[in-house]
Every structure is written in C-alpha cells, then in structure tokens.
Amino acid sequence: MKISNILSRFFILIPMLLVQALAQDPAPATITGVVEDINHQPVSGMNISVQERNIETVTDEQGKFTVTAVKGDVLIFDKKDYLTYYHTVVNEKSELKIPVAKSLTYAGMEDDVFIPFGVRKKREINGAISTLNASTLPQIPSSSLTNLFAGQLPGLNVWQTGTLPGRDETTIVLRNRASFAGANVPLVLVDGVVRDFSDMDVNEIQSITALKDAASLAWYGNRAANGVLLITTKRGSADKTRFTYDMQMGTQQPTVLAKPLDSFTFGSLYNRALKNDGFGPLYSQETLDGYKSGTDAYKYPDNNFVKEFFKDNALVQRHVLSASGGSKAVRYFTNLSYFNQGGLFNHADAPLFNSNVGYRRYNLRTNLDIQVTPLLTVQLDMGGRIEDRREPGSTSATFLSTIFTTPSNAFPLVNEDGSYGGSNLFRSNPLAQLRAQGNRSEVTRVLQGTVNANHKLDFWLKGLSANVFYTFDIQGRYISGRSQEYEVYERGATGTLTRFGTQTPLGYVAATFADNIRTNEFWTGFDYDRNFGKHQVKITTRYQQAVTFDPTRLEDKRQGFSGRASYSFNNRYYADVVASYSGSNNYMPGKQFGFFPAIAAGWVISEESFLKNSTILNYLKLRAAYGKAGNNNTGETSKFPYAYLYSPTNGSYAFGTSFAAQAGASENTLPNPNITWETAYKTDIGLDAQLLKNSISISANYFNEHRKNILTNPTNSSVLGQTTYRINDGETSLRGFEGSIDFTEKFGAFTLFLGGNFTYAKNKILRINESAGLADYQKQAGHNLGAVSDYAKLMLISDGIFQSQAEIDKSPPQRFAGKLQPGDIKYKDINSDGVIDNYDRIMTDYNDTPNSYYGFHIGGKYKSFDFSLIGQGVLGRTIQLRTLAMAGSNNNGYINQFSTQAWTETNLSAAYPRLGISDRGNNTADSDFWLRSGNYMRLKSIELGYTIPSNVTDRLNIRSLRIYLNGFNLLNFNKIGADVDPEMPFAGYNSYPYVRTLTAGLNLKF
Amino acid sequence: MFVCMLITLAGCDDKFLNVAPDVALNEDKVFGDPVMAAQFADNAYSFLPDDYLRFNEGNGVAQASDEAVGIDVTNPMLYTLMKGLYHDHSAFTTLAINDIAGQYDRLYAGIRVVNKMLSKVDEVKWKPEQNAQSIKGEMYYLRAFMYFELIKRFGGVVLIDKAYTAIEDIDLPRNTYEECVAFILADIAQAVTLLQIEQDAANYGRPTIGAARALKSRTLLYAASTLHNPTGDVTKWKAAADAAKEVMAMNKYTLHPKYEELLSPSGNGTTDEYILIKIKRPRTWDWAILSVVSPGSGGRIGTYNPTQNHVDLYEMKNGLPITDAKSGYDPANPYVNRDPRFYANILYNDAPWQDRKMQMWDGGLDYSSTSSSYTATRYYARKMWPEVYKTPGTQTAFLNFIFFRYGEILLNYAEAQNEAAGPDATVYDAINQLRKRVNMPELPTGLTKDQMRARIYNERAVELAFEDNRWYDIMRWKKGKELVAQKMYGMNVVKNANGTFTYSKVELAGSFQRVYEDHMHLYPIPRNEVQKSKKLVQNPGW
C-alpha cells in the first residue's frame, strides 16, 4: 500500500470515504500523446494530471507524454503562461494530439487575485492591489506570521513590537498613518471576515492581498480607509492529491542583550552620582576593594543576572501535516500543525512546575468544497487553534525587570544557609521568582467556521448566481497556574539574616476565563458574470449584517449593502464601479449609514497596434482609481458618544459614622451627536509592465489621500466643567509612491530571481484642533503624524553638554532642574527671552514610523540546489536612547551599563550627560539630544535548499523531498552607535530580547 | 430557496443597528428618581479639595510655603511652585491634581454638578426620606465653597451659574473679585436659610448653618486682606469680624481640650471644635499621605520635612518669642521649654517616639546623608504621623481633613477685629482662648495694633501648622517676599562622644530655596485656558 493511501485512511473521515468510494475502477490503460502550441511547436514541461487520481507527469523536450488512465477520466494540461486544457479520455488506444494556447499576460492560472467576494486575473485589476503568494515566505518556525511579511509587499510596513514567545506581536500599516485619532491598522480579513491571522500556520494560507486603492476598499464602506489585507486559505483541488509533511527545527538566540555592570564599577559610579548630588559616598573603599577582589561572594556579591538567567539559545520547532485533493463531488484541504517555541530563561525548571516562558500552538483547518447538485456548491471551512502560553508566576515582565534593574551587588542569589538572598531595598530574587513563585498558563482556543453556498441561476438569466455566506467564530481564554510566595533574607554586616516576605506552600491560582467573544457575519447577494462577444460584464451585489458579542460590553453591529460592476472590452479596456452603503451602531440613529462610491479604469496600452510589436515592452497597463472610503476605528471607547447619558458611580465621598462611600450618579462625557467616521478620498494612478521577453516586471503606484473628519479634541474652556467627546474636525494628507521590480532569467541550468520594492509615504496634519493662542512653533498643524515612542514631539533643542561652570554662568538659566552643573545638557533659547523654559520647546517631525521602507530578494536555482535571500529596511525614522541611558530608579541610582559613558571632568566628550540620582529634570527632558537615526537595513532571511533527485525519491515512493537551512534576522546595519536592535531598541534591556532564528527543515511530499 | 432566504434576511429588522443603551442612565431616569437625584447631588462633594498633601507622592502646598520642604524637589508640582514656575505647574504635566490647573478644572466640574442639580431640584418628586431643603442648601453651600477656593487662588474668575451644553458658547470673560465675593455671599445667605443647625449622625459631614457662617468668615477675611483690600477699607474688616462673631455667638463650638489630637480625636473621631470636616474612615498606612511623612526608619520615604524657619516660630513656654533675649532660648539646647504645640507638631532630635528616641544625627536611625528617604532638615511632621503607625503594622488613625474648626474662627476674629477696631479685649480673649488650651501664658497687655497683628500672624502659623492655611495666608497678606523668598534653614545635629548633641542652624541646599515675586500673590489662570479663549485676561505678571 502506498504511503499516501495510509495517510488518506488516517487523515480525515469525509475525504477518506470519498477517496475510498472511487477505488472501484475499470482496469487502467496507457495513453500517449504530444502537446503542441498553435504554431504546432511541441510544448515541453507541461504538467499533466488525471482528475481525481493521484497521477501526474510532465511532457518531455518533444512535448511527448505517457499517462495511465481509463475511459472517462479527465486529463488536465497546465503550465505557466498557457491556458489550462481539459481532455476527457474517450478512446484509450489513440495517440493524442493536444493543442494548447498561450494565455494573455497576467491572465494565466497563476494570476488569480482575490478581491472581496470575487477573483480577478491580475490583468483585470485597475486599483492598487499587491499580492503575495504564501509559498514565497521564508521557511522558518515563527510564532507570528506577520513577522515574515517584512519587506515583502510594496506599501506594507511591518515592524515588531513584542519579542516574548507567543507574544511577538507586530504592527502593520499600509502605506503610512493618515489618522491621528485612532489606530491606523488595516482591516485584516481571513477568508472575508475579521479574524486574527498572525497566529495561523503559514501552510494554511494561499495568498495575502493588500487592497490599497479606493475602488478596492469602497466595498467595505466605513471601515476600510486604512486599507485591507485579505488572507485567503488554501483549498483542495480535484486535479491533484497531495500529502505533505513539513518539519522545522531551530534555535533562537538573542541578538542584543544587556551587559550589566560588575559590582565594583556599579559601586564606583553610584558614588560618583552621589558626589554630583552633593552627597558623600555610599560604598567605602574597603567595600569597593571587596568587590574587586571577589574573595567573599556573600559579603561582596557580584552577580551578572542577565548572563545567569538567559540561556544562549532556545529551541523552536514546527511540524505540519497537510492533505489536499478530492473528486468532482468533494474537494478537501486539511492541515494540522504543531508549533513549539521555548523560552530563554535559565533555571526555570522547578521540581514541580516549569516557569520558563514558552509558547505552544496547535492549528487545525479543514476546507471542503462540496458539489451538492450540478448547480449548488457549498464550501464548509473550519479553522481552529489552541495556543498555550506559559510564564513565571510573577509574570515575565516582572521577572525581566528584576533581572535588568537589580544591581549586581544587591545580594547573593543564595545565602550561605541556602536561603534566597534579598534586601530591604531589593526584595525580588530572580531565582526565587522562577523556582518558588509558581507559574501561569494561558490557553486560548479559537474556532472559526464558514459556510459559503453558491447557487447557479442560469435557468433565469445566463451568468446569474446567488450566494449566501455565513461565519461563526468563537474564542476564549483560560488562565490557570500555580501560586506561591517566597521569602528572602538580607545578610547583615555580621552575617545575621533578616527576613523579608513570607513563604507560602505551592497552591493553584484561581482559574479565570476571559475574552469570550463570538462573532457572526452574514453576507448574501447575487453575482452576474457573462461575456457578450468582446464585452465582458461582472456584477456582484451583497447585503451584509455582522455582530460581535463580547460579554463585557454591548454588541458591535454592522449592516450594509455593497455592489461592484466591472466591464471590460477586448481584454484591453477595463472599468469598475464600486459602492457601498454601510452602517454601524456606533453612531446616532439616523446618522449610522454612509455612502462610499469609487471608480477605476485601466488600459492595456501594449495591446494597441503601435506597441503590439515592441520587442522591449511586452506588456503595459495604465490604471487609475478614485473614490471614498471610511474609517470608524477611531479609538472611541464609549459605545454611545452621541447620547447624553449618566452613569451610576460608587461615589467617593462619605458621610456619617459608617465611613462608607455613598452610591452616586454622575453625568458622562458630554456627547457629540454628530460624531461620525473618518472619510478618506483616495487617488491612485499606476502602471504594470513587462519588459525584455517578460524577464522584467514592474509595478508602480502614485497615491494621494486626503482624509477628513478625523476626530480631534474640542478646545472648550474648562469652565464648562465637563469633558466633551471629540469632534470630526481634523484633516490630513498622505501622498507617496510605491513600486516593485522583479527580474527572472534562466542561464542554462541556473535560474536567477532578483527583485525589490520601495515605498515612500509622507503624511501631514492639515487641520487639528489647537488653542488659538499657542505659539506657531508649538503647533502641530503642518507637521507629520506620530512621534518617537515615550517622547513628545514638542521638544527642546540641545546644544551639547555644559563643560564648565563658567559656561553655565554665561548661558541663560534653564528651568528644568534645581541646580545646573557641568555635565548637564545645554538647550537653545528658541524664543530668545533669556530663559530656557517650556516656551523653548518646538514642534518637530521626528517619528519612529518610517516614511520610506523597502525590501529586496535574491534567489537562485541550480539543478537540485536553491538559494534565497530577503532583505528589508526603513528610512526616515528616529529613535531615542534616553529610555536606555537614563534607565533606573532611586534604588539603583539610575546606574546602568550606559553610565560608563556619562560625562565627567576627565571625559568631556562623553556621549551622555553627568550622573545624578536626584534633581534629574534637566537631563531627562524631551530633547533632540537623545535622538538617533532609526534607519536600518536588515538581512531578514537567508535560505539554502537541496531537493533530493527524483530517481532517489521515486525509489522511496515519495513525490519530492527538500531539505534546507534558514537563518532569520541574521544581520542588521544601522548608525545608532549603541549596541541595540534598531527595530526595538529597548529589547534585551528592559524587555525580552530580539531573537535570530536558525532553522533546519525538510519538506516531504507524497 | 435562495430567493426566499434573501428576502427574509435582507428585509429583516430595520432596527438592527439601534441598540439601546440599557445600562446607561438618561437624565429623566436620574432626576425622576429621588434617591438617584440625591446621589447625583452628593457627587458634587467629591470635587472639593479634601485632603492634605494632595500632590504626587504626598507633596503639598505646605512645602511650597515656609512650613516645610520636600525632598522630592524634582516633583514638578512642588518644584514649579517653589521656583515660581507656575505655568509649568499646569503645562506639560499629566500628574494628579495639582494646585493650579488641577483645581481650576476640578472646581468648575464640581460647580457644574451643583448648577445641574439646582436647575433640576424643584422638578424632582422628593420623598420625606430625602431632605429636599437640605439638599438645595448643600448645593448653594458647595457652590459658594468652590468659588471661594477658586478666588483664593486666582482672584476674580468666570462666574457660571448653569450647566452649559458642549455646543454653547462658553468663552466668557472673568468677573471681578468683588462680583465673585458678592455671588458667594448670596449663595451662603441662601444656604443659611435652608441648612440645619446640626446634621444627624448618618449625615455628619454635610454642611450646617455653622459651616456656612464659617465659610462666610473665611471669605470675608480674605476679601478684607491686603491683597484684595489695598486701601485698607475698615468696613471690610468689620464685616469679616462680624462674620466670625456670628459663628462664635452660636455657642455651639468649643476648643478640643487636647491640641495634639486635633486631627485624630480619640473615640469616634470627632470633636466639638470641628465645624466641617471630610469624613474619612480610620486610615491605614497608605501611600497618599501617611507613608511620605515617616522616614526610611519608619518604613517610608520621609519627604515632608518642617523647616527651621517654621520651628523658630514656636515661642518659649514663658510666652516669649525665641528672638527675645529674655526668653531663655538656648541655641545649643533648642528643644526645651517650648510652646507645647511644638511638641505636638514637630518630631525633632531626641524626641521620645514610638518607645525610643529620634536619632537625627548622620548614621542615626532617622537620618542618613546618603539616602533620600530621610529628612533634609532633621525634622519630621508629627502632626501628620500618628504615633500608632509603625512598620510592620496594621494600626489605623483618623487623620481627618478639616475644612473649618473653631480655632480658626477665633483667629479670623482676632485678625479682623484688630484691623477694624484695634487690639481690644475681644481680640485678646480670642487669642488667649487658644493659648490657654495649650497652657501658654496670655498675650502681654498693651500691645499696639501692629504688635498685635504680628502676634496673631505668629499664632496662626503655629496653631494651624500644616493644615493648608499658611500658604494661602501668605498670599493674602502679600508676605511672600518676606517669608518665602528668604533663606530656608534646617538643623545640623552632631552626636558627641559623651552622648550630648551639638546643634547648628544650617542653610538648606539650593534646591530647597524658593523664588517669590510680587505677581505670585495670585496663581496664573492655566495657560492653556487663556490660549483657548479670546476673552480670558491673565493675571498681571504672568
């Protein structure tokens, strides 16, 4: 029995039965033939498969083929750039002559582009749509899918915002921010509905489509202005039956990790900081000598918590089994995957529990296509996953904070008597946090179901069909774990131990459920798709209704109509009209619905006679789109911002002798009855081209968006006595350019792929509510959106560091600290009033969201070997180092590894200002002193693969076997001048480190 | 089949999006229910400035005055007041309630609640359980109190007497100080006719007629003071004296016999000296106030440190100021034979405390020159640190916030009467009542009006120490340059080998020294309010 048959038995019940049902066949016969194009030239490399059978072959150099089939079988001939040809076997004995025709550019079988409730060939697209085939993503085990997208699509900016296993979130923005009111995240739709996709397995996904122009977005009405990412999952095909097994094993290593100071250096710097503050030293020379000699580890502890508690690497692995295939009646795709990401914490294996941070995920998907009657097809899709996140009982954040902020001399990790070390000031012992404070587990379960039924209504009107689409998604989170408390002992000068905290026995934490959310979406309508000679018409209409139930708040509801009409003539001229009438219950009855129309047109100019015979230009399409899209994701926390309401309150004021606060009632924020969505007017003009025998393809877009009705804070006087909801009075513009270029060429047995994409997107605040009396240089209007994180855009401009008291005396006074000293940051007197105060802050454009970003890839194939490299980078980005260089608290005196580079009388050209424990206001003020270029270029992925020759795999009865090595996040180039990761400068210093992943993998196909 | 589905579904409920805000209340529900209406009214109380050390990490206006310093001089709320950077007190901080913008916003929010309630109070179908008359009286009282807190800080402010909607034009000009005082007095007059002489036990903490009269006394005292009475109009002082006398004539309030337990009276936590307090349950060792007062040795951060300037105001037991050569004051042994209120208000070196003695020398338990958790002046504020608070411990104490107590009324009377009629017998009597309580000798007879004024100012500083009066008194007296912009001192304590102590007065570090210019007698209107408005005129000098 073939391996595939064994698998088919065990894989899944329904497809198995169906496959089994096909087992009784007449005896097969051998069929031979030749494939020719319209000029009667043989076509080599044409794939031939037998529908519903696990049989495939390829034509040879002379276009000849031999295949085993029986009468009634359908042979399918397909090859890139050719139209697919179907042949039903009539006579088993005959020598077949198969004629195939070349497809038009961008209209072949690989050129499907998924749009809302429809599929188009790339040639038919008139808007700015970029598509990524999931098979081109780097092959690494990654807990967050979005991570793999960086640099892959023009107009798509992805950056990492978390690093903890299972929580390595990313932020995605299409083009750039255009709203200052709320999140600027695109709408992410998995198979048509809003679903979290970053936790899906990459093998579930067929393609990722970024919709950026108004004509593509108008369909989604009031929620689409930030763009849409359409994720389409894989489906089975009756042509081929496939079983694949993917295995990836790898390790993750921190790219940057803090290097804490040793006790001697820490103590010396702490003394210096005290001296700067006018205090005597805390550490005597004897103590410092004790740290230096390291003779008494208990009296003079010298820890390196970071080194002690971080492993060099953590294991990560992923296993995926998938099957796809089917018959004319039923087609299936099913996928089962397991992902496990280990944590980097050392010493986390307590005897009774594991407190290392970690992430495990199980994904399951089955997508079925059922031909119920010749007219009715039903898609039944089920996607589910279980995620298990684990962390120390104290939480990862607390543990990491302990490691990163506890000075090396705080206490011995373990005292002489085996008790945990600690002190009055530092009561958190990292070893005890891992081994004596329990753990925490968070299990997330998600189930997503979709029914999508299509009924042909050709009997009424040729080309008409009706569609009903319904989804049922539920999710929930279960939190459990072990709880325990520990005690630490401070070692006095004479060796006496003082206890802090109280140890408790290991127990269970009270388990809780959270985030139990149900979402239902319903769409229904008609499709009309018909050709009249050279005219082609495609019309789609839908009614939509959706609801999200969250037990902690009132349900979110949406309702609307969407329609789209596409017309094309002679595969040369294209036009679309799209519109939606969409409503949401976030607005006042009567003001809930908005109308969002858009138009688009395209012209394949290369089809015209004057270009038709060009040898350089093989294809050129010009296209443009204009229209309106809305955004209602504006960060409104209240459900009824339009209504004048009151709330019951607990009351904060007590009377009488019971001292109990009285119940109360209070007025809510004053309503804005006119509150509405943001409206974006988007213009997109672009072109697609193929050059030099189709070896070079180019796509480029110019875009210009004008966004209006952005919510902005009202400037009511405080004498009103109440806060008011924001009003729709903001405006921004976003304009720029995005483009991609790809080059593919064969040089004998060597195939080379080169490509890159670039996006420039500049935003600007045109209108925002600001006080009229604000000085012009402090106003936001005219500046860009966003800021550097933890930093105000209104900042001081620095002028170096004061080198002497004389320099301070002759400079204007700076009113940010009690006393200025040499070594403090000097600021510029912007308004020339002889005093440096808050009037000397100016509005700036510094931003940690880049305005330009790019990606590139180089790939090659030589015989059985393949190679690929993906790079990515950003420009126009700024980060700040203050959070790192000034990190700390009173407890550790703000002394950290950057303190060695602080200004002293003997280090006048130091990078950072003097040390100090109190009165730090002057040096911690927001200023350009701490800003650095955040531009970087990252070598995102390098992959080397080897495919086992087919003569070997044939003998093993497997279809193909590829083994490969991949390195992810290998290298980066930046000009920050400090050992930090440019994307997440604080990772590894106050949070979990940024990691690189090295993977070995295999891909096995039956 | 499909068509049927489409029709049923597409034609479905056209009210699909109209989700009713069931759990939220609308105006009719709130004022249609007398219980809820009364609760709405009570909400107004929570906008009063109702605790000491209101700023971040337990700092307060006392540390901006000459009463105390705060170690956390980087706290912008304190730092900006100390350094005269009042604009930055409100701008660029998103911290808890500060004394300028924080109070400006908060008090107008409270005034809005009152205005809303007053516009609805006659529509509510009150039941006998709710004392409708009292509720109305309380609303007038609170509005008067809140406007007083505003004019105390800013001078004349915008008078708002209705709850505006968000779309109405509320860019209004400021009223004069006199218009505001008249508005406040009118509200007080209304309140007096509506309030009761006493609240029952369940309503203790609500204003009474006495509280209304006490507010009138304080309002008129401030209105008669130099800042608002530059010509020294005697009729204003007369009105202030009469207002204080009205409270005294009620014969309802008496001085609590034990000065040292004024904030935490034994028993149920109240005393007949209280005219109005904020009811708080007995407080545990909490961060808000208590924890900042005790030093590292007491378990907390010890940032609230009385100055030597304040300590020097306490007379000797014989009734003579320490500056008097005959007083017997010994700088080498400064803590003997002082006004008993010194021992009640201040923790000093060698003071008996929690079964031991305070150790304020470097290396002693209660002072360290290398830690910011210890005093900068070698004093702690005993008044704010009930002795039961030890670490670790779970003891509680009341530590009431006093809006008005009878002691203040006596001081108000003495100050106003001295200005209106000179140091007559009633002035002596009022001050001597306070001195008698703590067994201090009576004031010497034959004082001139100016001498008496000085003694009253001193008595006020000592009697009301740390009770949130001094800073605002200094502003209304226009004494900031004299009292605040001078050098701030602390004490240096050295423990000698033989166990004796050497004391020397030392000037505090530069970060504890203050700035006070003439324009600082009033706070600036928050800068962003002026920037938003076309009509608000800023106070001069800002």
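Residues numbered from 1 in each chain as written. Chains lettered and ligands numbered in written order. Predicted model: local features only at pLDDT ≥ 70, side-chain atom pairs only at ≥ 80, totals over all residues. Heavy atoms only, no water.

In terms of regular secondary structure, chain A is built from 13 helices and 49 strands. In terms of overall size, chain A behaves like a compact globule, its C-alpha atoms giving a radius of gyration of 33 Å where 1006 residues would be expected to give roughly 30 Å. Expressed along its principal axes, the backbone C-alpha trace of chain A runs to roughly 105 × 65 × 65 Å. Evaluated residue by residue, chain A yields a buried proportion of 56% over its 1006 residues. Expressed as a percentage of contacts within chain A between residues at least 6 apart in sequence, the contacts between residues at least 24 apart total 69%. Here chain A displays about 41,400 Å² of accessible surface, and carbon together with sulfur accounts for 56% of that area. (Helix = DSSP H or I, 4+ residues; strand = E, 2+ residues; numbered from the N terminus. Rg over C-alpha atoms; globule rule 2.2 N^0.38 Å. Buried < 20%, exposed > 50% of the residue type's maximum accessible area, 1.4 Å probe, protein only. Contact = heavy atoms within 4.5 Å. Areas by Shrake-Rupley, 256 points an atom, 1.4 Å probe, with all protein chains shown as cover.)

Counting 163 residues, the largest nonpolar core has Tyr108, Tyr141, Tyr147, Trp471 and Tyr523 of chain B as its most contacted members. When residues of this core are assigned to their parent elements, the largest contribution, 13 residues, is made by helix H7 (residues 132–154) of chain B. Counting 58 residues, the second-largest nonpolar core is a separate cluster that includes Leu257, Phe309, Ile836 and Met886 of chain A. (Core = buried A, V, L, I, M, F, W, Y, C linked by side-chain atoms within 4.5 Å.)

With that settled, consider the sheet that holds strand E15 (residues 205–211) of chain A. All names here are of chain A. With respect to topology, five strands assemble into an open sheet ordered E10-E15-E16-E13-E14, the strand pairing being mixed. The outermost strands of the open sheet, each flanked by one partner alone, are strand E10 (129–133) and strand E14 (193–194). Inspection of the sheet shows E15 paired to strand E16 (residues 228–233) by six bridges, in the antiparallel sense. Opposite Ser207, over in E16, you have Thr232 as the bridge partner. (Pairing = 2+ DSSP bridges.)

Residues and elements named next belong to chain A. Pairing is mixed in the open sheet, where three strands are placed in the order E4-E1-E7. With one partner strand each, in any of the chains shown, strand E4 (64–69) and strand E7 (95–99) form the two edges of the open sheet. Along the sheet, successive strands turn relative to each other by an average axial angle of 35°, direction set aside. When strand E1 (residues 29–36) meets E4, the two strands line up antiparallel, connected through six bridges. Directly across from Thr30, in E4, lies its bridge partner Thr68. (Axes fitted to C-alpha atoms, helices over the stretch in contact; angles between N-to-C directions.)

Okay, the pattern of salt bridges next. On inspection of all chains with the given rule, the structure shows 92 salt bridges over all chains. Here Glu442 of chain A and Arg477 of chain A are joined by a salt bridge, their closest N and O atoms 2.8 Å apart. On the criterion of sequence distance, the pair formed by Glu442 of chain A in strand E22 (residues 439–456) and Arg477 of chain A in strand E23 (residues 464–483) is long-range, its members being 35 residues apart. Residue Glu442 of chain A is classed as buried on the basis of its relative accessible area of 4%. The residue Glu198 of chain B makes a salt bridge to Lys252 of chain B at a minimum N-O spacing of 3.5 Å. Here Glu198 of chain B, found in the loop between helix H8 (177–194) and helix H9 (209–224), pairs with Lys252 of chain B, found in the loop between helix H10 (234–249) and strand E2 (274–278); they are 54 residues apart in sequence, far enough to count as distant. Residue classification places Lys252 of chain B among the partly exposed positions, given a relative accessible area of 26%. One salt-bridge network, held together by shared partners, links Glu273, Glu315, Asp339, Arg341, Lys383, Arg405, Arg435, Arg437, Arg455, Glu459, Glu463 and Glu467 of chain B. (Salt bridge = Lys/Arg side-chain N within 4 Å of Asp/Glu carboxyl O.)

Within a regular strand, side chains alternate between the sheet's two faces. Residue and element names in this part refer to chain A. As defined by bridge partners, strand E2 (residues 47–50) adjoins strand E3 (residues 55–58) across four bridges and the pair is classed as antiparallel. By the bridge assignment for E3, Ser49 is matched with Glu56. The antiparallel pairing of E2 with E3 creates a hairpin that spans four residues between the two strands, and Glu52 there sits at a positive phi of about 70°.

Below, the discussion takes up the interface of chain A and chain B. Taken together, the contact between chain A and chain B spans 76 residues of the former and 71 residues of the latter. When the two sides are added together, the surface that chain A and chain B hide from each other amounts to roughly 6,100 Å², 65% of it contributed by carbon and sulfur. The largest share of the area that chain A buries against chain B comes from Tyr646, Tyr653 and Val719 of chain A, three residues that together contribute 14% of it. Where chain A packs against chain B, one counts one salt bridge. Between Glu667 of chain A and Arg112 of chain B there is a salt bridge, with its nearest N and O atoms 2.6 Å apart. Taken together, chain A and chain B are joined by 16 residue pairs in polar contact (both at pLDDT 80 or more). Of all the elements in the fold, those that place two or more residues in the side of chain A that touches chain B are E22, E23, strand E27 (512–532), strand E28 (535–550), strand E29 (553–569), strand E30 (573–584), strand E33 (646–649) and strand E34 (664–667) of chain A. Taken together, the residues of the side of chain A that touches chain B break down into 38 nonpolar, 31 polar and seven charged. (Buried area = accessible area lost by both parts, 1.4 Å probe. Polar contact = N/O pair within 3.5 Å; in protein donor to acceptor, adjacent residues only side chain to side chain. Nonpolar A, V, L, I, M, F, W, Y, C, P; charged D, E, K, R; others polar.)

The predicted coordinates should not be examined in detail at positions where pLDDT is low. On average, chain A scores 89 in pLDDT, and the residues at 70 or more come to 97%. Across residues 1–23 of chain A, where pLDDT falls below 50, the model places 28 contacts with residues more than four positions away in sequence or in other chains. (pLDDT = per-residue confidence, 0-100.)

Okay, the packing of aromatic side chains next. For the coordinates displayed, the defined rule picks out 73 aromatic pairs over all chains. Their ring planes at 80° and their centres at 5.2 Å tell us that Tyr104 of chain B and Phe154 of chain B sit as a pair that is edge-to-face. Of the two residues, Tyr104 of chain B sits in helix H6 (residues 101–120) while Phe154 of chain B sits in helix H7, which places them 50 residues apart along the sequence. Residue classification places Phe154 of chain B among the buried residues on the basis of a relative accessible area of 0%. With a centroid separation of 6.1 Å and 80° between ring planes, the pair formed by Trp471 of chain B and Tyr516 of chain B is classed as edge-to-face. Taken together, the positions of Trp471 of chain B in helix H17 (residues 470–477) and Tyr516 of chain B in the loop between strand E10 (501–507) and helix H19 (527–532) put the pair 45 residues apart, joining distant regions of the chain. A residue is classified by how much of its surface remains accessible, and Trp471 of chain B, at 1% relative accessible area, is buried. For Arg361 of chain A, the ring lying beneath its charged end belongs to Phe339 of chain A, and the centroid distance is 5.1 Å. Sitting over the ring of Tyr472 of chain B, Lys152 of chain B keeps its end group 4.0 Å from the ring centre. (Phe/Tyr/Trp six-rings, centres within 6.5 Å; stacked < 30°, edge-to-face > 60°. Lys NZ or Arg CZ within 6 Å of the ring centre and 35° of its normal.)

Another point: the pairing of strand E20 (residues 358–371) of chain A. Residue and element names in this part refer to chain A. Pairing analysis gives twelve bridges linking strand E19 (residues 330–341) to E20, with the strands arranged antiparallel. Bridging across to E20, Thr334 finds its partner in Thr366. Note that E20 and strand E21 (residues 376–392) share 14 bridges and pair antiparallel. Opposite Arg360, over in E21, you have Asp388 as the bridge partner. Hairpin connection from E20 to E21: four residues lie between these consecutive antiparallel strands.

Non-glycine residue Tyr894 of chain A carries a positive phi angle of around 60°. Mapping Tyr894 of chain A onto the fold places it in the loop between helix H11 (882–885) and helix H12 (921–924). The backbone of Asn439 of chain B shows a phi angle near 60°, a positive value even though the residue is not glycine. Structurally, Asn439 of chain B can be placed in the loop between helix H15 (425–437) and helix H16 (449–463).

Here we come to a nonpolar patch on the surface. Residues and elements named next belong to chain A. Side chains of Leu380, Met382, Leu447, Val451, Tyr470, Phe472 and Ile474 sit close together on the surface and give an oily, nonpolar patch of about 570 Å² of accessible area. When residues of the nonpolar patch are traced back to their parent elements, those giving at least two are E21, E22 and E23. With three residues, the single largest contributor to the nonpolar patch is E23. Along the chain, Met382 turns up in strand E21. (Patch = residues over 30% accessible without salt bridge, like charges linked within 9 Å, V, L, I, M, F, W, Y side chains within 5 Å.)

With that settled, the discussion passes to the packing of H9 of chain B against H10 of chain B. Think of two packed helices as two axes; the pair is described by the angle between the axes and how far apart they sit. Residues and elements named next belong to chain B. For the pair H9 and H10, the least separation of the axes is 8 Å and the interaxial angle reads 160°. Between H9 and H10, the interaxial angle falls into the category roughly antiparallel. Both H9 and H10 take part in a crossing whose hand is left-handed. Seen from H9, the contacting residues are Arg213, Ala214, Lys216, Ser217, Leu220, Leu221, Ala223 and Ala224; seen from H10, they are Lys236, Trp237, Ala239, Ala240, Ala243, Ala244, Glu246 and Val247. Partitioned by chemical class, the residues of the contact of H9 with H10 number eleven nonpolar, one polar and four charged. (Parallel < 35°, antiparallel > 145°, perpendicular 65-115°, else oblique. Left-handed = near helix turned anticlockwise from the far one by under 90°.)

Residue and element names in this part refer to chain B. Burial of H17 is extensive: eight of the eight residues sit out of reach of the surface. Residues of H17 that are buried: Arg470, Trp471, Tyr472, Asp473, Ile474, Met475, Arg476 and Trp477. The positive-phi residue at the C-terminal boundary of H17 is Lys478, with phi of around 55°.

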